Amino acid sequence: MKHIAIDYVKTPLGELVLGAWGGQLCLCDWRYRKMRARIDARITHQLNAAMHETPTPVTELAKRQLADYFAGTRTHFELPLLMVGSDFQRRVWHALLEVPYGARASYLALATRMGRPEAVRAVASANGANALAIIVPCHRIIGSDGELTGYAGGLEAKRKLLALESSHPASQSALFD
């Protein structure tokens, strides 16, 4: 059986589980999120692999870049990513990568940018299934009314991530439409 190499990293907002497959990061997610088992099952099923705890060069690189992000010295990540999900989910996750550091977008704005304004709920669902938290910035997506909505790491973590990003000079601090 093939293996997804997993490792853990503690952040100021909680512990993340990292996963590497074939030299690419396929997992960077809150270790204790509600959907942990479902996310892990999707990844192991689609990759036909089991998780095995061992650090790799890509998980070590992710740890360093996450430390830089939390220190306020990194505004984007330079990691080889493997997005494991349906075609639609991967489209949503790629669209999330276009939301700049410090910016926020609504689910409707994201769906509209994708050319699918009628798919707001599907976009929200794909956003919630993101297994590459922080790196694929689903925390930057908010409700159309400007309110913070669900986040795998919890609303307090989402609030703190947005505050971290808006407190640095590189921040866009604007709504991304």
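Note that the coordinates shown come from a computational prediction; the quantities given were computed from them, not determined experimentally. Residue positions are given per chain, counting from 1 as you read along its sequence in written order. A pLDDT threshold of at least 70 governs which residues receive local features in this predicted model, and a stricter bar of 80 or more applies before side-chain atom pairs are shown or counted, although totals over entire chains, interfaces and linings include all residues. The basis for every side-chain value is the complete set of non-hydrogen atoms in the structure, without hydrogens or water.

So, about unusual backbone geometry. For residues other than glycine, phi is negative in most cases, and the peptide bonds are mostly trans. Located in the positive-phi region is Asn 48, a residue other than glycine, with phi close to 50°. Numbered from the N terminus, helices here are DSSP runs of H or I no shorter than four residues, and strands are runs of E no shorter than two. Within the element layout of this structure, Asn 48 appears in the loop between α1 (36-47) and β4 (49-53). Non-glycine residue Ile 134 carries a positive phi angle of around 70°. Look at Ile 134 and you get buried, because its relative accessible area is 1%. Each residue gets one of three labels from its accessible area relative to the maximum for its type: buried under 20%, exposed over 50%, partly exposed in between, using a 1.4 Å probe on protein chains only.

One bridge is not enough; two strands pair if DSSP finds at least two bridges between them. Summarising the sheet, strand β1 (residues 2-11) and β4 pair through five bridges and their orientation is parallel. The residue of β4 that forms the bridge with Ile 4 is Met 51. Bridge count for β1 against strand β2 (residues 14-21) is seven bridges, and the pairing is antiparallel. The residue bridging Ala 5 from the neighbouring strand is Ala 20, located in β2. The turn joining β1 and β2, which pair antiparallel and follow one another in sequence, is formed by two residues.

Below, the discussion takes up the packing of aromatic side chains. The pairing test for Phe, Tyr and Trp rings, Trp by its six-membered ring, is centres within 6.5 Å, and the orientation test on the planes gives stacked under 30 degrees, edge-to-face over 60, and tilted for anything in between. Taken as a whole and assessed by the stated rule, the structure comprises four aromatic pairs. Aromatic side chains Trp 30 and Tyr 151 sit 6.2 Å apart centroid to centroid with 75° between the ring planes, which places their arrangement in the edge-to-face category. Of this pair, Trp 30 sits in strand β3 (residues 24-30) while Tyr 151 is found in the loop between β6 (141-142) and α6 (155-166), placing the two residues 121 residues apart along the sequence. In this structure, Trp 30 and Tyr 151 share a single accessibility class: buried. The interplanar angle of 35° and the centroid separation of 5.6 Å between the aromatic rings of Tyr 69 and Phe 77 together place this pair among those described as tilted. For Phe 77, a relative accessible area of 17% corresponds to the buried category. One Lys or Arg, Arg 31, reaches over the ring of Tyr 8 and ends 3.8 Å from the middle of that ring. Here, a charge over a ring means that NZ of Lys or CZ of Arg falls within 6 Å of the ring centre while also lying within 35 degrees of the ring normal.

Take Arg 140: it is sitting in the loop between α5 (120-128) and β6. We call two N or O atoms a polar contact when they sit within 3.5 Å, provided that within protein one can donate a hydrogen and the other can accept it, with sequence-adjacent residues counted only if both atoms are side-chain atoms. At 2.6 Å, the side chain of Arg 140 forms a polar contact with the backbone oxygen of Val 99. Whether two residues are in contact is decided by their heavy atoms: any pair within 4.5 Å suffices. If we skip the residues at most four places from it in the chain, Arg 140 touches Thr 75, Val 99, Pro 100, Tyr 101, Gly 102, Ala 103, Arg 104, Ala 105, Leu 162 and Glu 165.

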